[in-house]
Protein chains: 4
Amino acid sequence: MIIPSPPASVDFNGTWENGLGSEMDLVVNVNLLSGEYRTNVGLPAPSEEFDLTGFVTGDLITFTVNFGRYGSLTTWAGQQTETSTGQVEIKTLWYLTKNVPDSREPNELWSSILAGAGTFTRP
Amino acid sequence: MIIPSPPASVDFNGTWENGLGSEMDLVVNVNLLSGEYRTNVGLPAPSEEFDLTGFVTGDLITFTVNFGRYGSLTTWAGQQTETSTGQVEIKTLWYLTKNVPDSREPNELWSSILAGAGTFTRP
Amino acid sequence: MIIPSPPASVDFNGTWENGLGSEMDLVVNVNLLSGEYRTNVGLPAPSEEFDLTGFVTGDLITFTVNFGRYGSLTTWAGQQTETSTGQVEIKTLWYLTKNVPDSREPNELWSSILAGAGTFTRP
Amino acid sequence: MIIPSPPASVDFNGTWENGLGSEMDLVVNVNLLSGEYRTNVGLPAPSEEFDLTGFVTGDLITFTVNFGRYGSLTTWAGQQTETSTGQVEIKTLWYLTKNVPDSREPNELWSSILAGAGTFTRP
């Protein structure tokens, strides 16, 4: 039996941008998050869309994006907050896992995960 | 338009355990991952199940688990690999975001994300 | 034999602040970094100083601070960069390891590391 | 004034290895850690030594290694613990910051930090 989790207490729906030109459109369905992500870094064209899935509860959020056709998956974890000037932000940390060919995994798997931070705001 | 990503090249379906008594049951549908997670650490009972969503492509995996009723969400990123002795493993890093009450966010949001590593194997 | 590493290519010496009220004074000696850190979050008084050691090379920096009398150690890794408006910044990710009593380590060691991001600028 | 921190409560001195062929020799002086690191992954020869600095307090440890001549610095944070079979381990997470040329920083600085986990044991 799955006991319910608290729904989102803040509005995650709609468009967010990260200050580096990447954007995401989020749709909340109780705790389940879905959407599309457009990245402004790396190889993809800025208009290219990538599927997003994740969860929200209270003001917490996790989401992962399928960059599989570019050989990686990225996942974010964070929390919505308000700055002292009243700006709504989602502050996150992320991991990106990228493919290491099987033959190189014994020596190179240690180098397969990038880490970073991102702050999303309303456009 | 969403261009397809390569499907999983290895079998992620079924049950995995992390050596600390936590387990997960994964179901792959092309790139989309769903399932249930049972944790052996923290407050939940070991039999309690938590929803899981994520992605797979090639031997890469990301997944997030909704621990919302315990005030947190966790997300993992990693890669399936084989040890020198032939054991199949999913090696991951994870972030757990936990709620900080709004009134404390200005001073305590910095302390809201735990990080760790986990290795999942077949039971 | 230790082959030399390139020295810092940018100026890390002097005072930096992180926008949350914490400050650090850095002294560079070729690759070795030393200094003091004053934190504005957590239990310590803002005037309390904590020892810092680390390395610099090119525009890269790592440093760790001894918060041992408050039961933790923190370490940062990052790079100096310049924003599009010409502001000099050190952008970092950090880990904080905090003590878990030995008797609880089997069940709680997984929760002992906090992660976050910090950006340091000139006061 | 610097108030003292508790010294190490466990023995960090001497040689540790990480199971991937990398080794380090640690010397503790109250809270200050120094030593040398030899890596078995990446470009350096396994016999090449890299300077290490860091801190210890109680069973906590942070240390950073100067891989500057290979364009990176790495820093670890963790805790010494004992497995259920009595093996002494230092369980850590690490960040590696690698150089991005200044001209590419606006677009690529996000990809400059690798993250991972490492467990050190006695040889």
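Residue numbers run consecutively from 1 along every chain, following the written order of its sequence. Throughout, the order in which chains and ligands are written sets their labels, letters from A for the former and numbers from 1 for the latter. Only residues with pLDDT of 70 or above have their local features reported here, since the model is predicted, and side-chain atom pairs are shown and tallied only from 80 upward, although totals for entire chains, interfaces and linings are computed over all residues. Only hydrogens and water are set aside when side-chain values are computed; all heavy atoms of the structure are taken into account.

For chain A, an unreviewed UniProt entry supplies the name Avidin/streptavidin family protein and the organism Roseibium algae. UniProt positions are given in the numbering used here, feature names are shortened, and annotations may be inferred rather than shown by experiment. What UniProt records for chain A under Subcellular location (unreviewed entry) is the sentence "Secreted".

Draft legend 1. Quick peek at the interface of chain B and chain A. Residue contacts follow a heavy-atom distance rule, with two residues in contact if any of their heavy atoms lie within 4.5 Å. With 54 residues of chain B in contact, the opposing surface of chain A contributes 54 residues. Here chain B packs against chain A, burying approximately 3800 Å² in sum over the two surfaces, 63% of which is carbon and sulfur. Looking at the side of chain B facing chain A, the largest losses of area belong to Phe 55, Arg 69 and Tyr 95 of chain B, adding up to 17% of the total buried there. In the sections that follow, a salt bridge refers to a side-chain nitrogen of Lys or Arg positioned within 4 Å of a carboxyl oxygen of Asp or Glu. Counting across the chain B and chain A interface gives 0 salt bridges. When two parts are put together, the accessible area they lose, computed with a 1.4 Å probe and summed over both, is reported as buried area.

Draft legend 2. The arrangement of the relation of the copies chain A and chain C in detail. The copies are overlaid by a least-squares fit using only the C-alpha atoms of residues whose pLDDT is at least 70 in both copies. Of the transformation placing chain A onto chain C, the axial shift is 0.0 Å and the rotation is 180°, giving an RMSD of 0.0 Å. Such a combination of turn and shift is consistent with a two-fold rotation axis. Minimal C-alpha distance to the rotation axis in chain A is attained by Ala 117 of chain A, lying at 3.1 Å. When the interface residues of chain A are mapped onto chain C, 100% of them again lie at the interface, so the same face is used by both copies.

Draft legend 3. The arrangement of the relation of the copies chain B and chain A in detail. Structural alignment of chain B on chain A gives an RMSD of 0.0 Å, achieved by rotating through 180° and translating 0.0 Å along the axis. Both copies share a contact surface, since 100% of the interface residues of chain B are interface residues in chain A too.

Draft legend 4. Seen up close, unusual backbone geometry. Although it is not a glycine, Val 30 of chain A sits at a positive phi angle of roughly 55°. A residue is classified by how much of its surface remains accessible, and Val 30 of chain A, at 54% relative accessible area, is exposed. For the exposure calls, accessible area comes from a 1.4 Å probe over protein chains only, and a residue counts as buried if that area is under 20% of its type's maximum, exposed if over 50%, partly exposed in between.

Draft legend 5. View of the interface of chain A and chain C. Between chain A and chain C, the residue contacts involve 5 residues of the former and 5 residues of the latter. Taking both partners together, chain A and chain C bury about 300 Å²; carbon and sulfur atoms supply 81% of that area. Viewed at the interface, chain C and chain A are joined by 0 salt bridges. Pairing of N or O atoms within 3.5 Å defines a polar contact, subject to two protein rules: one partner must be a possible hydrogen donor and the other a possible acceptor, and residues neighboring in sequence count only if both atoms are side-chain atoms. The tally of links from chain A across to chain C stands at 0 residue pairs in polar contact (both at pLDDT 80 or more). Counting only elements with at least two residues in the side of chain A that touches chain C, the list comes to strand 7 (88-98) and strand 8 (113-121) of chain A. By definition, any uninterrupted DSSP run of H or I lasting at least four residues is a helix, any uninterrupted run of E lasting at least two residues is a strand, and each is numbered from the N terminus.

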